[in-house]
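An overview of the molecular structure
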Amino acid sequence: GYPGGQNVAVYDQLYDYKDKLRHVLVRHEQGAIHSAQGYARAKGVPGVVLVTSGPGATNVITGVADAMIDSTPVVVIAGQVGTALLGTDAFQETDVLGMTIPITKWSYQIRRPEDIAWAVARAFFIANSGRPGPVVLDFTRDAQVGFCEFEYKKCNFIRSYIPDPMPLEADINKAVSMIDAARKPFVVFGQGVTLSGAEEQLAAFLRKGDIPAGSTLLGLSALPTSDPHYVGMVGMHGNIAANAMTQDCDLLIAVGMRFDDRVTGKTSTYARQAKIIHIDIDAAEIGKNVPVDLGILADAADVLGRLTEKIQSKTRDWGNFKQECLAVETEKVINPEIHPGKGHINMGEVVDAVASVSGEKAIVVTDVGQNQMHGARYSRFKLGRSMITSGGLGTMGFGLPAAIGAKMAVPERPVCLFLGDGGLQMTI
């Protein structure tokens, strides 16, 4: 975070809790929220950002939007002018709620000290439950310095908010029938697998069903690169086998991904030959971009576990298609990139070397641009939560602060940042 006139009262209190709370002083509020995102993505818990009003609050908005589209849990606590000055265009006043409501899971203005404990408990519950995302608390000056009897109650329920919907048994049974009947099923998995902690369930499902799988950009590392069922990244910057199998399968099983345009390209020609099952915890994503034959609204770990129990164990009829695709890419793309033999060093060659040196156990962080795509294409992963990048918003400047946040979250793991000079200079 970064202190200012309208949150200095909060900062004054941090001195009394320096043994319990670690505050990291940044040089710009956008750096603060990207660091918090890196922390949250690496550790799986919300990152917290403290900023002042006006420009302090507006400087975090890019990161708030980034966190929203990439489902990253962060809680932003922004100072605000006193309630008597709201709406008067007072010094360093901005309409934080008006600006952040469209790009948050929840935005709330705290005007009374009695509401602080309630709002903070609710903020953390919303940010880290269901499909995670950012929450903004707009904290007025008089609420910061006021007094009340303090009582904190952990929030684990909000009426009409159902973060973990239960799958319908009829949908599970229909999915089982579709999977068992498929000759050439294919799985495309996204970050939803990581967010639900479903890595083991995904691997078990693929093993039992003998189903190949491809990953979205944010899904990378949810399945080890060496898994025999893994064929690479899908989408416009993805691998040949993953994209070819998407267009050749007779059943596409989408798990925790949102069919964004970088994955599908022209939706009118995307996997039109296949029936589609979409498993997602967010009802808004099912059928939004691509029509599906079966949508299952539930947690990925729960659904994959149930499907694995019920599907038949069998060998699929992909023939030599998978091996042929992998062989073409190895010969035409991968080997020339990572083993050029002569000339200048290739970007893929560097990424591959880092994977070797780290034993494929590094957390890979990227900025946005070619560095991002090469980092994704040529990294290798053995552990989960190993790929941190700005996917949906594509925010240049994300890489450096996100890498710092990731290292703070898991200091025992090596963190490697791939970035270009443009992204470096944006937040250096």
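Relevant structure appears above.
If you're wondering where the values come from, they're calculated on a predicted model, not measured in any experiment.

Here we take up the side chain of H278. Here H278 shows up in strand β9 (residues 275-280). Accessibility expressed as a relative area gives 0% for H278, which makes it buried. One polar contact links the side chain of H278 to the main-chain carbonyl oxygen of M257, over a distance of 2.8 Å. Sequence-distant contacts of H278, defined by excluding residues within four places in its chain, comprise A254, M257, F259, E285, I286, G287, V292, L294, G295 and I296.

Now for the packing of helix α2 (residues 29-43) against helix α17 (residues 399-409). One can describe the packing of α2 onto α17 by two numbers: an axis separation of 6 Å at closest approach and a directional angle of 45°. If you check the angle between α2 and α17, you find them oblique. Here α2 and α17 pass one another in a crossing that is right-handed. Each of G31, H34, S35, G38, Y39, A42 and K43 in α2 lies in contact with α17, whose residues at this interface are P401, A402, G405, A406, M408 and A409. Looking at the contact of α2 with α17, its residues break down into 7 nonpolar, 5 polar and 1 charged.

Moving on: the sheet that holds strand β13 (residues 415-418). Read from one edge to the other, the open sheet built from 3 strands follows the order β12-β11-β13, with strand pairing classed as parallel. The sheet is open, and its two borders are formed by β12 (387-388) and β13, each paired with just one other strand. Pairing analysis gives 4 bridges linking strand β11 (residues 363-366) to β13, with the strands arranged parallel. Directly across from I363, in β13, lies its bridge partner V415.

Quantified by volume, the second largest pocket comes out at close to 780 Å³. The wall of the second largest pocket is formed by 43 residues, among which D70, T216, L218, R258 and D260 lie closest to the centre. Going through the elements one at a time, α9 (191-195), α12 (261-264), β9 and α16 (370-378) are the ones with two or more residues in the lining of the second largest pocket. By residue class, the composition of the lining of the second largest pocket is 17 nonpolar, 17 polar and 9 charged.

With parallel pairing, the 4 strands of this open sheet are ordered in space as β1-β2-β4-β3. With partners counted over all chains shown, the strands left at the sheet margins are β1 (47-51) and β3 (106-110), one partner each. Within the sheet, the average angular offset between the axes of one strand and its neighbour, ignoring direction, is 15°. Summarising the sheet, β3 and strand β4 (residues 134-140) pair through 5 bridges and their orientation is parallel. If you follow S107 over to β4, its bridge partner there is V136. Strands in contact with α2 are β1 and β2 (74-80); relative to β1, the strand with the most contacts, it is inclined by about 165°. The strands that helix α6 (residues 116-128) touches are β1, β2, β3 and β4; relative to β3, the one it contacts most, it runs at about 170°.

Let us now look at the nonpolar core. With 46 residues, the main nonpolar core has V187, F189 and F205 as its most contacted residues. In contact with F205, not counting residues within four places along its chain, are I179, V187, I211, I253, L304, L307, T308 and I311. Membership of the second largest hydrophobic core comes to 20 residues, among which are V234, A242, C249 and Y270.

About the cut-offs
Residues numbered from 1 in each chain as written. Predicted model: local features only at pLDDT ≥ 70, side-chain atom pairs only at ≥ 80, totals over all residues. Heavy atoms only, no water. Helix = DSSP H or I, 4+ residues; strand = E, 2+ residues; numbered from the N terminus. Buried < 20%, exposed > 50% of the residue type's maximum accessible area, 1.4 Å probe, protein only. Polar contact = N/O pair within 3.5 Å; in protein donor to acceptor, adjacent residues only side chain to side chain. Contact = heavy atoms within 4.5 Å. Axes fitted to C-alpha atoms, helices over the stretch in contact; angles between N-to-C directions. Parallel < 35°, antiparallel > 145°, perpendicular 65-115°, else oblique. Left-handed = near helix turned anticlockwise from the far one by under 90°. Nonpolar A, V, L, I, M, F, W, Y, C, P; charged D, E, K, R; others polar. Pairing = 2+ DSSP bridges. 1 Å grid on protein atoms, 1.4 Å probe; cavity = no way out; pocket = protein on both sides within 12 Å on 5 of 7 lines; lining within 4 Å. Points joined across faces, edges and corners; volume = space filled by probe spheres on them. Core = buried A, V, L, I, M, F, W, Y, C linked by side-chain atoms within 4.5 Å.

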